[in-house]
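Observations on chain architecture
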Amino acid sequence: MANENKAREELYKELDVIIEQWKDEPGGLLPIMQNAQEIIGCVDEEVQNYISDKTGIPVSTIYGVATFYSLFTLEPNGKYTIGICLGTACYVRGSQLVYDELSKQLGVEGGRTTGDGLFTLTATRCIGCCGLAPAMTVNGDVYGRVKPEDVKGIIEKYRNIG
Ligand code: FES
């Protein structure tokens, strides 16, 4: 996950080391992009352009890789990442309904971030809290036995913190 406390310039310096290591290797683009995802937290347009400038690889190629592999995210995560578990134990206890309600309340599909940059909605696999099914997380906070009607209050809590 990206270090949100560091400015992008600092993160690019870390990425430069990786780019130097891989830019002349065949197939080096993928490890460069994986590291960019790891260091910066996403491979958005700015990151794609940066990699292109440094490697000479066309942005269209980089964009193609970024959209092909699901491990890449194309926009920065919001301040709060909401993970709703769609693992088996949670699913059979209705986590899909919780997910749908989250999507409705936030106005975004899974993997997307709200326009105000506050929330990113994600579906996760089992997070090891099956006894609390259905489980969801907001950054490090775990919520158990979540019902669709709980969603609004949970979101409001984080909106109020800002
Ligand atoms: S299946 Fe959801 S926490 Fe295990």
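Relevant structure appears above.
An account of the accompanying structure is given in this report. (Residues numbered from 1 in each chain as written. Predicted model: local features only at pLDDT ≥ 70, side-chain atom pairs only at ≥ 80, totals over all residues.)

**Here's the deal with the sheet that holds strand β2 (residues 119-124)**
Sheet architecture is open: 4 strands sit in the order β2-β1-β3-β4, paired in mixed fashion. Looking at which strands have only one partner, the edges of the open sheet turn out to be β2 and β4 (141-143). Averaged over neighbouring strand pairs, the angle between their axes works out to 20° when direction is ignored. Two strands pair when backbone bridges link them, and strand β3 (residues 136-138) and β4 are joined in this way by 3 bridges, in the antiparallel orientation. Pairing of V138 across the sheet is with D141, part of β4. Seen against the sheet, helix α6 (residues 95-106) touches β1 (80-85), β2 and β3 and runs at an angle of roughly 150° to β1. (Pairing = 2+ DSSP bridges. Helix = DSSP H or I, 4+ residues; strand = E, 2+ residues; numbered from the N terminus. Axes fitted to C-alpha atoms, helices over the stretch in contact; angles between N-to-C directions. Contact = placed C-beta atoms within 7 Å.)

**Overview of the packing of helix α3 (residues 45-55) against helix α4 (residues 59-68)**
Angle between the axes and distance between the axes: these two values describe a pair of packed helices. Where α3 meets α4, the closest approach of the two axes is 9 Å, and the angle between their N-to-C directions is 130°. As far as their axial angle goes, α4 and α3 are oblique. Two packed elements cross with a definite hand, and for α3 against α4 that hand is right-handed. Packed against α3, whose contacting residues are Q48, N49, I51 and S52, the element α4 presents V59, I62, Y63 and A66 at the interface. Looking at the contact of α3 with α4, its residues break down into 5 nonpolar, 3 polar and no charged. (Parallel < 35°, antiparallel > 145°, perpendicular 65-115°, else oblique. Left-handed = near helix turned anticlockwise from the far one by under 90°. Nonpolar A, V, L, I, M, F, W, Y, C, P; charged D, E, K, R; others polar.)

**Here's the deal with α6**
Along an α-helix, residues three or four apart share an orientation, since each turn contains 3.6 residues. Along its 12 residues, α6 runs 16 Å from first to last C-alpha, staying within 8% of the 16 Å computed at 1.5 Å per residue. By the burial criterion, the buried members of α6 are S95, V98, Y99, L102 and L106. An end-on view of α6 places all buried positions within 100° of arc, on one side of the element. In this structure, the buried residues of α6 make contact with β1, α5 (88-92), β2, β3 and α7 (151-161). G107 sits one or two positions beyond α6 and adopts a positive phi of about 75°. (Expected span 1.5 Å × (residues − 1). Buried ≥ 20, exposed ≤ 12 C-beta atoms within 10 Å, placed from the backbone. Arc of directions from axis to C-beta.)

**Some words on the nonpolar core**
Among the nonpolar cores identified, the biggest contains 17 residues, and I82, I84, V98, L102 and M136 are the most heavily contacted of them. Mapped onto this core, the elements with two or more residues apiece are β1, α6, β2 and α7. Non-local contacts of L102, meaning those with residues more than four positions away in its chain, are made with I82, I84, L121 and V151. Core analysis: the next-biggest nonpolar cluster, separate from the first, contains 13 residues, L15, M33, I39 and V47 among them. (Core = buried A, V, L, I, M, F, W, Y, C linked by C-beta atoms within 7 Å.)

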